[in-house]
Protein chains: 2
Amino acid sequence: MSSKQEFIEKLRNSSLRPTKQRINICEVLFNRDKTFHFTINDLFNLIKDKTGEKVSLATVYNTVHAFHKKGYLKEIPINSNQTYFDTNVTDHHHFFDVKEEKLIDLKNEDVGPIEIQKSIPGKKIKSVEVLVKLED
Amino acid sequence: MSSKQEFIEKLRNSSLRPTKQRINICEVLFNRDKTFHFTINDLFNLIKDKTGEKVSLATVYNTVHAFHKKGYLKEIPINSNQTYFDTNVTDHHHFFDVKEEKLIDLKNEDVGPIEIQKSIPGKKIKSVEVLVKLED
DNA sequence: TCGTTGTTTATAATTATTCTAAAGAAGATT
DNA sequence: AATCTTCTTTAGAATAATTATAAACAACGA
Ligand SMILES: [Mn+2]
Ligand SMILES: [Mn+2]
Ligand SMILES: [Zn+2]
Ligand SMILES: [Zn+2]
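Per chain, residue numbering runs from 1 following the sequence as it is written. The lettering of chains begins at A and the numbering of ligands begins at 1, in the order of writing. Local features in this predicted model are restricted to residues of pLDDT 70 or higher, and side-chain atom pairs are both shown and tallied only at a pLDDT of 80 or more, whereas totals for entire chains, interfaces and linings draw on every residue. To get the side-chain values, take all heavy atoms of the structure and skip hydrogens and water.

Student: I tried to follow the sheet that holds strand β4 (residues 93–97) of chain B on my own but got confused; where do I start?
Tutor: Note on sheets: strands pair through backbone hydrogen bonds, and any given pair is parallel or antiparallel. Strand order in this open sheet of six strands is β5(A)-β4(A)-β6(A)-β6(B)-β4(B)-β5(B), and the pairing throughout is mixed. The two strands at the open ends of the sheet, each matched to only one other strand, are β5 (102–106) of chain A together with β5 (102–106) of chain B. On average, adjacent strands in this sheet sit at an angle of 25° to one another, irrespective of strand direction. Strands were regarded as paired on the criterion that DSSP finds at least two bridges between them. Runs of H or I in DSSP of at least four residues are treated as helices and runs of E of at least two as strands, each being numbered from the N terminus. Across 11 bridges, the pairing between strand β6 (residues 124–135) of chain A and strand β6 (residues 124–135) of chain B is antiparallel. Bridge pairing links Val128 of chain A to Val132 of chain B in β6 of chain B. To obtain an axis, a line is fitted to C-alpha atoms, over the contacting stretch when the element is a helix, and the angle between two such axes runs from 0 to 180 degrees between their N-to-C directions.

Student: I keep staring at the coordination of the manganese ion (ligand 1) and nothing clicks. Help me out?
Tutor: Ideal coordination angles are 109.5 degrees for a metal with four donors arranged tetrahedrally and 90 or 180 degrees for a metal with six donors arranged octahedrally. Residues and elements named next belong to chain A. Note: metal donors comprise N, O and S atoms at 2.8 Å or less from the metal (3.2 Å for Na, K and Ca); water molecules are not included, so apparent gaps in a site are possible. The coordination sphere of the manganese ion (ligand 1) contains the protein donors His37 (NE2), Asp86 (OD), His92 (NE2), His94 (NE2) and Asp105 (OD), at a distance range of 1.9 to 2.3 Å. Sequence positions of the residues that donate to the manganese ion (ligand 1) give the spacing H-x48-D-x5-H-x1-H-x10-D. Residue His37 is found in strand β1 (residues 37–39), and its partner Asp86 is found in strand β3 (residues 84–86); the two are separated by 49 residues along the sequence. Relative accessibility decides the category of a residue: with a 1.4 Å probe and only protein chains considered, values under 20% of the type maximum give buried, values over 50% give exposed, and everything between is partly exposed. Judged by its relative accessible area of 16%, His37 falls in the buried class.

Student: Please clarify how the domain arrangement of chain A should be interpreted in this entry.
Tutor: Reports often express the size of an interface as the amount of accessible area lost when the parts come together. All names here are of chain A. Annotation of chain A at the domain level lists domain 1 (4–76) and domain 2 (90–134). What marks off one domain from the next here is an automatic or database domain assignment. A straight line from the C-alpha centre of domain 1 to that of domain 2 covers 25 Å. Contacts are residue-level and defined by heavy atoms, with any inter-residue pair within 4.5 Å sufficient. Counting residues at the interface gives five residues for domain 1 and eight residues for domain 2. The junction of domain 1 with domain 2 conceals about 530 Å² of combined surface from both sides, 56% of it contributed by carbon and sulfur atoms. For the domain 1 face of the interface with domain 2, the top three residues by lost area are His37, Lys74 and Ile76, together amounting to 85%. Any carboxyl oxygen of Asp or Glu within 4 Å of a side-chain nitrogen of Lys or Arg constitutes a salt bridge here. On inspection of domain 1 and its partner domain 2, the count reaches one salt bridge. Across the salt bridge formed by Lys74 and Glu129, the nearest N and O atoms sit 3.5 Å from each other. Here a polar contact means two N or O atoms within 3.5 Å. Within protein one must be a hydrogen donor candidate and the other an acceptor candidate, and residues neighboring in sequence count only if both atoms are side-chain atoms. Across the contact surface, domain 1 and domain 2 share four residue pairs in polar contact (both at pLDDT 80 or more). Note on definitions: buried area is the accessible-area loss of two parts on being combined, 1.4 Å probe, summed for both.

Student: Just checking my understanding: could you explain the protein's contact with DNA strand C for this structure?
Tutor: DNA strand C sits among 19 residues. The nearest are His65 and Thr83 of chain A together with Thr19, Gln21 and Arg22 of chain B. Only a single heavy atom is needed: when it lies within 4 Å of a molecule or strand, its residue is near that molecule or strand. Each atom of DNA strand C within 4 Å of the protein belongs either to a base or to sugar and phosphate, the latter forming 79%. Contact between DNA strand C and Arg12 of chain A: a phosphate oxygen at 3.1 Å from a side-chain N or O atom of the residue. Within the side chain of Arg17 of chain A, a nitrogen or oxygen atom sits 3.3 Å from a base nitrogen of DNA strand C. For the surface near DNA strand C, the elements supplying multiple residues, two or more each, are α4 (57–70) of chain A together with α2 (20–30) and α4 (57–70) of chain B. In terms of residue count, the dominant contributor to the surface near DNA strand C is α4 of chain B (three residues). Three residue categories are used. Nonpolar comprises Ala, Val, Leu, Ile, Met, Phe, Trp, Tyr, Cys and Pro, charged comprises Asp, Glu, Lys and Arg, and polar comprises the others, including Gly. Class assignment for the residues of the surface near DNA strand C results in five nonpolar, nine polar and five charged.

Written as structure tokens, this is what we have:
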């Protein structure tokens with residue numbers, strides 16, 4: 001339950017001007033209890049529905065990428081025609097319900113620690129993600 | 001080192017007619033020692049290079065999907081502008097070198113067994129895949 | 001050889017995403 | 001408050017991967 005003022009400050013602190021559009025997007029993305037998994041198109045439609053104001057598709061793309069770059073959104077690796085994002089930016093894993101095309105968070109304790117025993121010279125590990133596909 | 005005859009039989013056994021194009025694609029995909037990770041475009045170009053014969057892009061898509069459906073190819077979940085496939089269809093995990101855009105196999109013993117402790121009613125697990133992103 | 005069915009192909013259509021450039025809004029400066 | 005600068009939004013065009021279409025072609029069985 002963040003207030004509009006908090007979003008404005010968060011944007012300013014990130015050197016992103018607090019525009020009407022960005023604040024609306026923040027409301028839709030971050031003003032919720034549970035983690036939120038979405039595609040750009042999901043978000044685009046939700047903004048209209050939840051705020052009553054329309055934001056251009058280009059701005060939705062711009063903003064999602066800006067937030068992603070700032071570390072406020074995580075990109076989830078799945079093979080889909082659309083890219084999925086997540087408001088939960090901590091390291092965690094996912095179920096993907098293939099039929100419903102829906103992501104579900106897995107707690108780290110649901111998966112257990114993963115120790116990668118192999119290494120590639122000159123490279124370091126950036127992320128370790130488990131994707132568990134679900135079917136009926 | 002499979003022979004052409006073996007590919008023809010394999011195709012027939014899969015109720016796929018052994019056309020010149022499909023045999024060429026088999027040569028490029030399966031006539032190698034190590035597992036092969038590729039995009040459609042990689043494959044399209046390799047066919048020309050390795051067999052000297054050109055196969056239309058549409059056929060490359062068709063064939064890859066046919067082989068995928070038959071279980072001869074695995075699709076690797078990463079967020080890229082192109083879809084990655086793998087000739088190693090066993091359950092296994094991957095490094096993805098983000099800079100080089102290259103996949104590297106991880107042996108199961110490099111990752112260890114993964115036990116998913118959570119379940120969703122009415123759904124069963126189809127696959128469990130670990131993707132380890134590498135950076136410099 | 002002939003008829004049937006499956007396959008290839010060029011090309012068009014679709015779709016997600018990015019680019020462009022002009023208009024608008026925010027913040028700083030007077 | 002007016003002005004200037006910089007950042008942002010936007011519609012629309014461009015790009016690029018993938019899928020669909022439908023006609024020509026090849027494999028197969030009779
Ligand atoms: Mn999540
Ligand atoms: Mn592999
Ligand atoms: Zn991004
Ligand atoms: Zn496929």
